[in-house]
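Reading the structure
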Amino acid sequence: MSPQQAPKQRAGLGRGLDALLSRPASNLGRPASQTLAIDRIVQAGSQPRTVFAPEALAELAQSIRDKGVLQPLLVRPRGESFEIVAGERRWRAATLAGLTELPVIIRDLSDREALEIAIVENLQREDLGPLEEARAYQSLLDHGLNQEAVAQAVGKGRSTVSNALRLLQLSPVALKALEAGEISAGHARAVLALPDADRAWALDQIVGRKLSVREAEALKREARTSAPIKVNPPRAYRALELNLSRLVGTKVRIQGEDRGKIELNFGSREELDRLVALLAAQDGQAE
């Protein structure tokens, strides 16, 4: 990607960062950037990213020791403290590195604006896992946006947002597997495509057999085309069928219990004539 292409691509990721960060801070009389004591900076309750790999944090901490924090955090006032809107990973790594203050940009932001910016920043860095992304979109829905507005806010297609939100319909076991990396979002969507009764079975197949996404999607077809094994129920007159078969010399089947019918099998016209003659003789004896 050329340097000229990058700004155009990033501009498509919602209105959050470009619009909100470009607003002047003159209403508070604060400079665009300043430093804050690290102990005055607090985590956000609505941070969409919940997984921070220890190894990656340690690497970033070492980079911060060597070069410092190159990009300010975005924070908003919260009483005597300042809540992180964007940059929690840098804050964590700076804490590991032993820094006592950090460069920040301070903005007065609503809860919804702060959440939009946090989501966009993480999506730009591809830091969010599929569940984190889905839960972040759900948080925006909880703030009163519809799916179309969420898609516009984060610069994604509505179908992308809808597909991400669908992951929240997974069972607790499947959600845990997705969060742990045992299955991917593609696997999860294959599970969700199945009827409810087949989803636990499909998850066991995917995890136990280490299926690819394509193989997981094939489970859908297999589950729909597999016919159940038919088991004939026990018949009430099995013993009588055997006795009649010995009497007339052919297979006899009785269907029903209190009401029903008797079937006599024949394999040729001659055998049919024999059975008719036999029944006629029995009828004559009854008279």
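Residues numbered from 1 in each chain as written. Predicted model: local features only at pLDDT ≥ 70, side-chain atom pairs only at ≥ 80, totals over all residues. Heavy atoms only, no water.

Remarks on the pairing of strand S4 (residues 81–86)
The following threshold applies: Summary of the burial criterion: residues with accessible area below 20% of their type's maximum are buried, those above 50% are exposed, and those between are partly exposed, where the area comes from a 1.4 Å probe applied to protein chains only. Secondary structure is summarised from DSSP: a helix means a run of H or I of at least four residues, a strand means a run of E of at least two, and numbering begins at the N terminus for each. Two strands make a pair as long as DSSP finds a minimum of two bridges between them.
Summarising burial for S4: five of the six residues are buried, a large majority. As judged from the two bridges shared by strand S2 (residues 41–42) and S4, these two strands associate in the parallel manner. Of the residues in S4, the one forming a bridge with valine 42 is glutamate 83. Inspection of the sheet shows strand S3 (residues 73–78) paired to S4 by five bridges, in the antiparallel sense. By the bridge assignment for S4, arginine 78 is matched with serine 81. What sits between S3 and S4 in their antiparallel hairpin is a turn of two residues, with glycine 79 showing a positive phi close to 65°.

Let's talk about helix H6 (residues 130–142)
Spelled out, the test is: Each residue after the first adds 1.5 Å to the expected span of a helix.
Relative to the 18 Å expected for 13 residues at 1.5 Å per residue, H6 spans 18 Å between its end C-alpha atoms, a close match to the ideal helical length. What H6 keeps buried is the set Leu131, Glu132, Glu133, Ala134, Ala136, Tyr137 and Leu140.

Digging into the sheet that holds strand S5 (residues 101–106)
Let me state the cut-off plainly: Note on contacts: a residue pair is in contact if any heavy atoms of the two residues lie within 4.5 Å. Fitted lines through C-alpha atoms give the axes, limited to the stretch in contact for helices. The angle between two N-to-C directions lies from 0 to 180 degrees.
Spatial ordering of the open sheet is given by S1-S5-S3-S4-S2, a layout of five strands whose pairing is mixed. This sheet does not close on itself; its edge strands, each paired only once, are strand S1 (34–37) and S2. Helix-sheet contacts for helix H4 (residues 88–97) involve S2, S3, S4 and S5, and the interaxial angle to S4 is about 120°.

Concerning the pairing of S3
Moving residue by residue along a regular strand, the side chains alternate between the two faces of the sheet. As paired elements, S3 and S5 share three bridges and run parallel to each other. Residue valine 75 lies in a different strand from S5, and its bridge partner there is isoleucine 106.

Examining the environment of alanine 193
For alanine 193, the location among the structural elements is in the loop between helix H10 (185–192) and helix H11 (196–209). Separated by 24 residues in the primary sequence, alanine 193 and glutamate 217 place their C-alpha atoms 8.4 Å from one another.

Regarding the packing of helix H3 (residues 54–67) against H4
We apply this condition: Each angle receives one of four descriptions, namely roughly parallel if under 35 degrees, roughly antiparallel if over 145, roughly perpendicular if within 65 to 115, and oblique otherwise. Handedness of each helix crossing follows the sense of rotation of the near helix against the far helix: counterclockwise by less than a right angle gives left-handed, clockwise gives right-handed. Three classes are used, and their members are as follows: Ala, Val, Leu, Ile, Met, Phe, Trp, Tyr, Cys and Pro are nonpolar, Asp, Glu, Lys and Arg are charged, and the others, Gly among them, are polar.
Between H3 and H4, whose axes approach to 8 Å, the crossing angle comes to 70°. On the basis of the axis angle, H3 is roughly perpendicular to H4. Handedness of the H3/H4 crossing: right-handed. Along the contact surface, H3 presents Ala56, Leu57, Ala58, Leu60, Ala61, Ile64 and Arg65, while H4 presents Arg89, Arg90, Arg92, Ala93, Ala94, Leu96 and Ala97. Here the residues of the contact of H3 with H4 sort into 10 nonpolar, no polar and four charged.

What about the pattern of salt bridges?
Defined as follows: When a carboxyl oxygen of Asp or Glu is within 4 Å of a side-chain nitrogen of Lys or Arg, the pair counts as a salt bridge.
On inspection of all chains with the given rule, the structure shows 11 salt bridges. In this structure, the salt-bridge partner of arginine 78 is aspartate 111, at a minimum N-O distance of 3.2 Å. Taken together, the positions of arginine 78 in strand S3 and aspartate 111 in helix H5 (residues 111–124) put the pair 33 residues apart, joining distant regions of the chain. Note on aspartate 111: relative accessible area 42%, which makes it partly exposed. The shortest N-O distance in the salt bridge between arginine 92 and glutamate 88 comes to 3.0 Å. Of the two residues, arginine 92 and glutamate 88 both sit in helix H4, four residues apart, roughly one turn of that helix.

As for the confidence of the model for the protein
Note the following rule: Values of pLDDT, ranging from 0 to 100, describe the predictor's confidence in every residue of the model.
Scored by pLDDT, the protein has a mean of 78; 77% of the residues are at 70 or more. Element-level pLDDT for the protein is lowest in helix H1 (residues 5–11), with a mean of 40, against a maximum mean of 93 in H10. Contacts for the low-pLDDT stretch residues 1–17, under 50 throughout, to residues beyond four places or in other chains number 27 contacts. Here residues 229–233 is modelled with pLDDT under 50, and outside its nearest four sequence neighbours on either side it reaches zero contacts, counting other chains as well.

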